[in-house]
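# Report on the structure
In case you want the letters, here they are:
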Amino acid sequence: MGEVVALVDYGAGNLHSVHNALKRVGANVTVTDDPNVVRAADRIVLPGVGSFRACAKGLKAVPHMIEAMTERVHVGSAPFLGICVGMQLLATRGLEHGTTRGLGWIPGEVRLIEPADPAIKVPHMGWNDVGLLPHARDHQVFEGGEAYFLHSYHFVAERAADVAALTDHGEGLVAAIARDNMVGVQFHPEKSQAYGLATLSRFLEWYP
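Before going into details, it helps to say that this report is about the structure given with it. (Residues numbered from 1 in each chain as written. Predicted model: local features only at pLDDT ≥ 70, side-chain atom pairs only at ≥ 80, totals over all residues. Heavy atoms only, no water.)

### Details of the sheet that holds strand 12 (residues 172–179)
Reading across the sheet, the nine strands line up as 2-1-3-4-13-12-11-8-9 and stay open at both edges, with mixed pairing between neighbours. Lying at the two open borders of the sheet, with one neighbouring strand each, are strand 2 (28–32) and strand 9 (145–151). Pairs of neighbouring strands in the sheet enclose a mean axial angle of 25 degrees, with direction left out of account. Alignment of strand 1 (residues 4–8) against strand 2, held across five bridges, turns out to be parallel. Bridged to Leu7 within strand 2 is Val31. Against the sheet, helix 6 (residues 193–204) makes contact with strand 1, strand 3 (43–46), strand 4 (80–83), strand 8 (124–132), strand 9 and strand 13 (182–185), and its axis sits at roughly 145 degrees relative to strand 3, the strand it touches most. (Pairing = 2+ DSSP bridges. Helix = DSSP H or I, 4+ residues; strand = E, 2+ residues; numbered from the N terminus. Axes fitted to C-alpha atoms, helices over the stretch in contact; angles between N-to-C directions. Contact = heavy atoms within 4.5 Å.)

What follows is the structure, encoded as structure tokens:
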């Protein structure tokens, strides 16, 4: 059966599409809200759609899930992938509908996209380039390309070294983050056709 990928179910993710995309690239996926399954998993994927506040509230409402994720990722060194708001939840805080604490795994905050040019529309929606930063060009999960985005808030990292890729929407917005055994993408790999599937496939083959 191979490695088990735990796809965390906390009522705030595009689970069906992400599950199908992971299956397409050969993952042995378990959709779960059971912290014991997460503790035993080889890899963890945290999806997320909607507001930062709603997703944070949903994740915190699953008994012992944050503790299980923290134990498996930070003590057990399991590779972790956050998708869209699942990536944003890694931040220290989100500023959507007030200030909400995130997981704090990658210091930073999630702020509203506020382009200087009023012609730039929010949300950032549709296909856009993913440009790797020089320090991330050898990262095993990421390659440059074009992906599908849909978001009104963006991750502002405290450390430039944690940002792996940018996309341009009136300004450089974080498209991907990476630290140690954690990666996250602002785009939706499950909606990004061949590029998204290739990203998921590389995550499955990544041994940080």
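From this point, things continue past the structure.
### As for the nonpolar core
Counting residues in hydrophobic clusters, the biggest one holds 67 residues, and the most contacted among them are Met69 and Phe155. Filtering out sequence-adjacent residues up to four positions away, Met69 remains in contact with Val8, Val38, Leu46, Leu59, His74, Phe80, Leu103 and Trp105. (Core = buried A, V, L, I, M, F, W, Y, C linked by side-chain atoms within 4.5 Å. Buried < 20%, exposed > 50% of the residue type's maximum accessible area, 1.4 Å probe, protein only.)

### Comments concerning unusual backbone geometry
In this structure, the amide linkage connecting Val122 to the following residue, Pro123, adopts the cis form with an omega of 15 degrees. Within the secondary structure layout, Pro123 lies in the loop between strand 7 (108–112) and strand 8. Positive phi outside glycine occurs at His64, with the angle close to 70 degrees. Examined against the element boundaries, His64 turns out to sit in the loop between helix 3 (52–61) and helix 4 (65–75). Even without glycine at this site, Gln193 takes up a positive phi of about 50 degrees. Tracing the backbone shows Gln193 in helix 6. Taking the relative accessible area as the measure of exposure, Gln193 reaches 57% and is therefore exposed.

### A few points about the pattern of salt bridges
Tallied over the entire structure, the rule returns seven salt bridges. A salt bridge links Arg39 to Glu71, with the nearest nitrogen and oxygen atoms 3.3 Å apart. In this pair, Arg39 sits in helix 2 (residues 35–40) while Glu71 sits in helix 4, placing the two residues 32 residues apart along the sequence. In this structure Arg39 comes out as partly exposed when scored by relative accessible area, which is 30%. A residue is classified by how much of its surface remains accessible, and Glu71, at 39% relative accessible area, is partly exposed. Residues Arg179 and Asp162 are paired through a salt bridge, measuring 3.0 Å at the closest nitrogen-oxygen approach. One end of the pair, Arg179, is in strand 12; the other, Asp162, is in the loop between strand 10 (153–157) and strand 11 (163–168), with 17 residues separating them in the sequence. The buried category is assigned to Asp162, whose relative accessible area is 1%. Bridged by salt links that share partners, the residues Arg93, Glu109 and Arg111 form one connected network. (Salt bridge = Lys/Arg side-chain N within 4 Å of Asp/Glu carboxyl O.)

### Notes on the pairing of strand 12
Counting buried positions along strand 12 yields seven of eight residues, so the element is predominantly enclosed. Pairing of strand 11 with strand 12 involves five bridges; the strand directions are antiparallel. Its bridge partner being in strand 12, Thr167 is matched across the sheet by Leu173. Linkage of strand 11 to strand 12, two consecutive antiparallel strands, is achieved through a turn of three residues, within which Gly170 is found at a positive phi near 80 degrees. Bridging between strand 12 and strand 13 involves four bridges; their strand directions are antiparallel. Bridging across to strand 13, Ala176 finds its partner in Val185.

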